[in-house]
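# Structural description and commentary
Now for the letters of each chain:
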Amino acid sequence: YNVCIMAYGQTGSGKTYTMLGPQLEGNLAFSLEEESELGIIPRATQEVFRLISEKPPGSYWVEVSVVEVYNNEIFDLLAKDGYGKVFGVKRDVVTTREGKSDVPLLTHETVENASEFLHLVNKGLQLRVTHPTLVHAHSSRSHLVVTLTITTVVLGDNFGNFWEDEQTSQRLNKEASCTFPQKMRDNKSTSSSGASSPVQLEASQMKQVKTRLQLVDLAGSECVGMSGVTGAALRETSFINRSLSALADVLGAIAEQRAHVPYRNSKLTHLLQDSVGGDAKLLVMLCISPGQKYLTESMQSLGFGTRARQVQRGQVKKKNFPVP
């Protein structure tokens, strides 16, 4: 199943700190040495790769995308031009025939450890739109969505036994017609022991299962009078508040189990559809400013959290994949 972790709250309440950890002025680099200061994004990534390290080598791989939703448009923060320079390229969200949300031509980079992942996130952060307001000098004017797509290979119902059978994996290595990403193939060993990785399988016997972990640093909800923004920043605030309202509407529809959930009312909710609806797991981190003057915004954030807590889901059902 898919998972989404997001930080919600007014501008300046600590959302980016919660998701990313401390950011030095002009230096967005993460330091894995300061583990006590890490935010949710680097912590979650470290845990993902720790769990993968306990699995048979080559049985999982991870791809990363970094986008921002700015003025209700989606920008690919990992896109490059012909010279290797990074530019945010506008993309769009579509719904596939299977009813899943997808962003065609979105850049997906394969990563093998947390350090590679954080390097890509840093690169994307350099392009994120910020603007000073009366509340926060470096207010994020866009929603940052970092997605880890975790792919594994399933053969029937006996996934664990299949990978434990060394002869089977060696045979499939020789006979395979379907392969893992090029980066995984180039690296002949993904384990420190140097064991050969079973990264090739017969297409007729293999089924790929993809799951998403979406880590979201939402732009701050804010009262226009409090932030004192004008001009372009005022337009940004309008889009931010509308998208956050659309997110609240989606959670409300899910909580009330309505037949129609308005995911398409915003690019943000359309992008997060697979990690918010269905049997996905959603964790909302509410960031609240302690100041008395921010009481109205704090009450609004708590109202959003109350709506999120009203969402009730049953037990996730195991999906069985019969052998062809």
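Residues numbered from 1 in each chain as written. Predicted model: local features only at pLDDT ≥ 70, side-chain atom pairs only at ≥ 80, totals over all residues. Heavy atoms only, no water.

### Observations concerning the UniProt feature "binding site: ATP" (unreviewed entry) in the protein
- Residues annotated in UniProt with the feature "binding site: ATP" (unreviewed entry) correspond here to Gly9, Gln10, Thr11, Gly12, Ser13, Gly14, Lys15 and Thr16.
- If you trace the backbone, glutamine 10 turns up in the loop between β1 (3–9) and α1 (15–20).
- Of the residues examined, glutamine 10 reaches a relative accessible area of 4% and is grouped as buried.
- Position of glycine 14 relative to the elements: it lies in the loop between β1 and α1. (UniProt positions renumbered as here; feature names shortened; annotations may be inferred. Helix = DSSP H or I, 4+ residues; strand = E, 2+ residues; numbered from the N terminus. Buried < 20%, exposed > 50% of the residue type's maximum accessible area, 1.4 Å probe, protein only.)

### What to know about the pattern of salt bridges
- What the rule picks out here adds up to 9 salt bridges.
- Note that glutamate 47 is salt-bridged to arginine 50, the shortest N-O span being 2.7 Å. One end of the pair is glutamate 47 and the other is arginine 50, both in helix α2 (residues 40–53) and 3 residues apart, which spans about a single turn. (Salt bridge = Lys/Arg side-chain N within 4 Å of Asp/Glu carboxyl O.)

### So, unusual backbone geometry
- Phi at asparagine 71 takes a positive value of approximately 50°, unusual for a residue other than glycine.
- Structurally, asparagine 71 can be placed in the loop between β2 (60–70) and β3 (73–76).
- Since its relative accessible area comes to 14%, asparagine 71 is described here as buried.
- Here the phi dihedral of glutamine 257 falls at roughly 55°; this positive angle occurs in a residue that is not glycine.
- On the basis of relative accessibility, which here comes to 65%, the residue glutamine 257 falls in the exposed class.

### Points about a nonpolar patch on the surface
- Taken together, the side chains of Leu286, Ile288, Leu295, Met299 and Leu302 define a hydrophobic patch exposed on the protein surface, amounting to about 420 Å² of accessible area.
- Per-element accounting of the nonpolar patch gives the leading share, 3 residues, to helix α11 (residues 295–309). (Patch = residues over 30% accessible without salt bridge, like charges linked within 9 Å, V, L, I, M, F, W, Y side chains within 5 Å. Areas by Shrake-Rupley, 256 points an atom, 1.4 Å probe, with all protein chains shown as cover.)

### A closer look at the packing of aromatic side chains
- What the rule picks out here adds up to 2 aromatic pairs.
- Geometrically, the ring pair formed by tyrosine 8 and phenylalanine 304 is stacked, given 3.8 Å between the ring centres and 0° between the ring planes. In this pair, tyrosine 8 is assigned in strand β1 and phenylalanine 304 in helix α11, connecting sequence segments 296 residues apart. Taken individually, tyrosine 8 and phenylalanine 304 each receive the classification buried, so the pair is uniform in this respect.
- Where tyrosine 70 meets phenylalanine 75, the ring centres are 6.5 Å apart and the plane angle is 55°; that geometry is what we call tilted. (Phe/Tyr/Trp six-rings, centres within 6.5 Å; stacked < 30°, edge-to-face > 60°.)

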